[in-house]
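One-letter residues, chain by chain:
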Amino acid sequence: AEAVKWYRKAAEQGNAKAQSNLGMMYNTGQGALQDNTEAVKWYSKAAEQGFAEAQYNLGVMYAEGRGVKQDYVQADKWSSLAASHHPPGEARDGAARNRDSFEARMTPAEIAEARRLAGEWKPQ
């Protein structure tokens, strides 16, 4: 609970890592009541700033329909962005595997839309 308090203070000031960590705490119920909607809220704030870990987690939330309506286009978009923002290694590979898994469930038009959205995305 103490960590949530401090992460919230930093998150409310725009710190992307704190926003992502706060999202994880709501996602897992660690230090806070488990709340997928709050997790998505904080992951989104960090993801929009280009924080790759939050982009990865936001993609999973969209794919699983946790805290948001299930949306493979958004899941693919965020996973693609996470793969492009992580340095080479396990995290990047995991994001790319997620993206490929989501695309296996999507139509060609949905894949094209996800790629368009990812290509037009700019950090805020």
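First, a word on scope: everything that follows refers to the structure included in this document.

Cut-offs applied
Residues numbered from 1 in each chain as written. Predicted model: local features only at pLDDT ≥ 70, side-chain atom pairs only at ≥ 80, totals over all residues. Heavy atoms only, no water. Helix = DSSP H or I, 4+ residues; strand = E, 2+ residues; numbered from the N terminus. Polar contact = N/O pair within 3.5 Å; in protein donor to acceptor, adjacent residues only side chain to side chain. Contact = heavy atoms within 4.5 Å. Axes fitted to C-alpha atoms, helices over the stretch in contact; angles between N-to-C directions. Parallel < 35°, antiparallel > 145°, perpendicular 65-115°, else oblique. Left-handed = near helix turned anticlockwise from the far one by under 90°. Nonpolar A, V, L, I, M, F, W, Y, C, P; charged D, E, K, R; others polar. Core = buried A, V, L, I, M, F, W, Y, C linked by side-chain atoms within 4.5 Å. Buried < 20%, exposed > 50% of the residue type's maximum accessible area, 1.4 Å probe, protein only. Expected span 1.5 Å × (residues − 1). Arc of directions from axis to C-beta. Salt bridge = Lys/Arg side-chain N within 4 Å of Asp/Glu carboxyl O.

## Comments concerning the side chain of N27
Then step 1. Structurally, the position occupied by N27 is in helix 2 (residues 16–28).
Then step 2. At a separation of 3.1 Å, a polar atom in the side chain of N27 contacts the side chain of Y43.
Then step 3. Excluding residues within four positions of it along the chain, N27 makes contact with Q34, N36, A39, Y43, M61 and R66.

## Structural notes on the packing of helix 1 (residues 2–12) against helix 2
Then step 1. In contact at an axis separation of 8 Å, helix 1 and helix 2 are set at 140° when each is read in the N-to-C sense. Viewed along their axes, helix 1 and helix 2 adopt a mutual orientation that is oblique. Both helix 1 and helix 2 take part in a crossing whose hand is left-handed. Taking contact as the criterion, the partners of A3, V4, Y7, R8, A10 and A11 in helix 1 are, on helix 2, A18, Q19, N21, L22, M25 and Y26.
Then step 2. Grouping the constituent residues of the contact of helix 1 with helix 2 by class yields 9 nonpolar, 2 polar and 1 charged.

## A short note on the nonpolar core
Then step 1. Core analysis: the biggest nonpolar cluster contains 31 residues, and L22, Y26, Y43, L58, Y62, W78 and M106 have the highest contact counts within it.
Then step 2. Contributions of two or more residues to this core are made by helix 1, helix 2, helix 3 (36–48), helix 4 (52–64), helix 5 (72–85) and helix 7 (108–120).
Then step 3. Counting residues per element, this core draws most heavily on helix 3, which supplies 6 residues.

## A word on helix 7
Then step 1. With 13 residues, helix 7 extends 18 Å between its outermost C-alpha atoms, agreeing within 8% with the 18 Å of an ideal straight helix rising 1.5 Å per residue.
Then step 2. Inspection of helix 7 places I111, A114, L117 and A118 among the buried residues, and these make up the whole buried set. Buried residues of helix 7, seen end-on, are gathered within an arc of 125° and therefore sit on one face of the element. Of the residues in helix 7, the exposed ones pointing more than 90 degrees away from the buried face are P108, A109 and G119.
Then step 3. Packing partners of the buried residues in helix 7 comprise helix 5 and helix 6 (90–103).

## Here we look at the pattern of salt bridges
Then step 1. Per the stated rule, a full pass over the model turns up 7 salt bridges.
Then step 2. For K5, the salt bridge identified is with E2, shortest N-O distance 3.7 Å. Residue K5 and its partner E2 are located together in helix 1, separated by 3 residues, close to a single helical turn.
Then step 3. For E2, a relative accessible area of 49% gives the class partly exposed.
Then step 4. E38 is the salt-bridge partner of K41, the closest N and O atoms lying 3.9 Å from each other. Of this pair, K41 and E38 both sit in helix 3, 3 residues apart, which is roughly one turn of that helix.
Then step 5. Through salt bridges with shared partners, a single ionic network connects E113, R116 and E120.

Read these as layout, nothing more, since geometry by itself doesn't imply function.
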